Amino acid sequence: MRRAVVSLRRRGVQAFLAASFLIGLLYGVLLIGQDNSFAEEMAVLSGIQSNAGEPVWLLFLHRLGASLLFLLVPYFFGFSAVGQPACCLAVFVKALGAGAFLAGLYEEYAWQGIGYCAVSVLAPLTISFLILLLACRESMRLSNRIFAVALLSKAGNIGMSAVRLYHMKYLFILAFALIGALIDVIFTVSFADRLLG
């Protein structure tokens with residue numbers, strides 16, 4: 001019975017994150033038809049815009065900063081018993097920006113935009129989302145444990161070992177974020193100038 005509950009809890013976390021991603025992506029695609037400037041605003045917020053012409057080091061800092069900004073939300077809310085909605089919101093906003101940006105790219109460049117998008121945007125965007133989803137999953141797991149212990153009076157132990165493990169996992173996530181930002185810059189420098197230049 002306990003294994004079934006643990007399995008259901010893990011699937012629930014993944015289901016909520018997947019739903020937040022899909023709803024945000026679809027909502028971003030649908031809203032672009034109403035306001036073309038919305039794509040640019042959301043792309044800036046999500047750190048997806050091309051920033052063609054920037055120095056490589058500045059582009060790297062911009063991409064890394066945008067990634068870290070989204071990672072801070074689940075990190076801090078992992079220590080809250082009710083931090084799960086904030087994690088879903090972070091995924092939703094990131095997906096909203098991605099959907100709006102991709103729809104705007106298609107609206108401006110038609111099928112050429114889709115071709116370049118498949119080559120230059122989707123690979124780094126997928127990496128970025130995987131990193132964020134991994135961070136949110138770990139955050140929601142800790143948040144669920146705190147919720148179970150603090151509010152449902154369930155037996156459990158959230159000591160320094162659990163907090164230390166949480167920080168170790170986030171250090172690995174930050175390392176992945178560094179690599180993801182580097183890959184993003186390589187793809188942007190290689191392909192974005194041809195599309196947006």
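Note that this is a predicted model, so its numbers are computed, not measured. (Residues numbered from 1 in each chain as written. Predicted model: local features only at pLDDT ≥ 70, side-chain atom pairs only at ≥ 80, totals over all residues. Heavy atoms only, no water.)

A. Spatial organisation of the environment of Gly180. Here Gly180 lies in helix α5 (residues 160-196). Residue classification places Gly180 among the buried positions, given a relative accessible area of 9%. For the pair Gly180 and Ala123, spaced 57 residues apart in sequence, the C-alpha separation works out to 9.7 Å. Apart from the residues within four sequence positions on either side, Gly180 is in contact with Ile127 and Ile131. (Helix = DSSP H or I, 4+ residues; strand = E, 2+ residues; numbered from the N terminus. Buried < 20%, exposed > 50% of the residue type's maximum accessible area, 1.4 Å probe, protein only. Contact = heavy atoms within 4.5 Å.)

B. Focus on helix α3 (residues 56-77). Here α3 spans 32 Å end to end across 22 residues, near enough to the 32 Å set by a 1.5 Å rise per residue. The complete set of buried residues in α3 reads Leu59, Arg63, Leu64, Ala66, Ser67, Phe70, Leu71, Pro74 and Tyr75. (Expected span 1.5 Å × (residues − 1).)

C. The nonpolar core, seen in detail. Counting 21 residues, the largest nonpolar core has Leu17, Leu71, Leu132, Cys136, Met140, Tyr170 and Ile173 as the members making the most contacts within it. With 11 residues, helix α4 (residues 84-150) is the largest single contributor of residues to this core. Apart from residues lying up to four places away in sequence, Tyr170 is in contact with Leu71, Pro74, Tyr75, Ala135 and Ser139. Residues Leu105, Val121, Leu125 and Phe129 belong to the second largest nonpolar core, which totals seven residues. (Core = buried A, V, L, I, M, F, W, Y, C linked by side-chain atoms within 4.5 Å.)

D. Broad picture of a nonpolar patch on the surface. A cluster of nonpolar side chains, contributed by Leu68, Met168, Leu171, Phe172, Leu174, Phe176, Leu178 and Ile179, occupies part of the molecular surface with about 740 Å² of accessible area. Here the nonpolar patch gets seven residues from one element, more than from any other, and that element is α5. Relative to the assigned elements, Phe176 resides in helix α5. (Patch = residues over 30% accessible without salt bridge, like charges linked within 9 Å, V, L, I, M, F, W, Y side chains within 5 Å. Areas by Shrake-Rupley, 256 points an atom, 1.4 Å probe, with all protein chains shown as cover. Salt bridge = Lys/Arg side-chain N within 4 Å of Asp/Glu carboxyl O.)

E. Spotlight on the environment of Leu134. In this structure, Leu134 sits in helix α4. Residue classification places Leu134 among the partly exposed positions, given a relative accessible area of 26%.

F. Region of interest: empty space enclosed by the protein. For the structure on display, the rule yields two cavities of 30 Å³ or more. Roughly 30 Å³ of internal volume is contained in the second largest cavity. Together, Ser67, Phe70, Leu71, Lys94, Ser128, Ile131 and Leu132 line the second largest cavity. Residue assignment for the lining of the second largest cavity shows that the elements contributing at least two residues are α3 and α4. When residues in the lining of the second largest cavity are grouped by element, the largest group, four residues, is from α4. Of the residues in the lining of the second largest cavity, the class split is four nonpolar, two polar and one charged. (1 Å grid on protein atoms, 1.4 Å probe; cavity = no way out; pocket = protein on both sides within 12 Å on 5 of 7 lines; lining within 4 Å. Points joined across faces, edges and corners; volume = space filled by probe spheres on them. Nonpolar A, V, L, I, M, F, W, Y, C, P; charged D, E, K, R; others polar.)

G. Fine view of the packing of aromatic side chains. Applying the stated criterion across every chain yields a total of eight aromatic pairs. Where Phe21 meets Phe129, the ring centres are 4.8 Å apart and the plane angle is 80°; that geometry is what we call edge-to-face. Residue Phe21 is found in helix α1 (residues 2-31), and its partner Phe129 is found in helix α4; the two are separated by 108 residues along the sequence. Aromatic side chains Tyr75 and Phe76 sit 5.0 Å apart centroid to centroid with 70° between the ring planes, which places their arrangement in the edge-to-face category. (Phe/Tyr/Trp six-rings, centres within 6.5 Å; stacked < 30°, edge-to-face > 60°.)

H. Representation of the pattern of salt bridges in the model. On inspection of all chains with the given rule, the structure shows four salt bridges. Between Glu138 and Arg137 there is a salt bridge, and its shortest N-O distance comes to 3.0 Å. A relative accessible area of 6% means that Glu138 is categorised as buried. Taking the shortest distance from any N to any O, the salt bridge between Glu138 and Arg141 comes out at 3.7 Å. With a gap of three residues between them, Glu138 and Arg141 both fall in helix α4, about one helical turn apart. By relative accessible area, Arg141 is classed as partly exposed at 29%.

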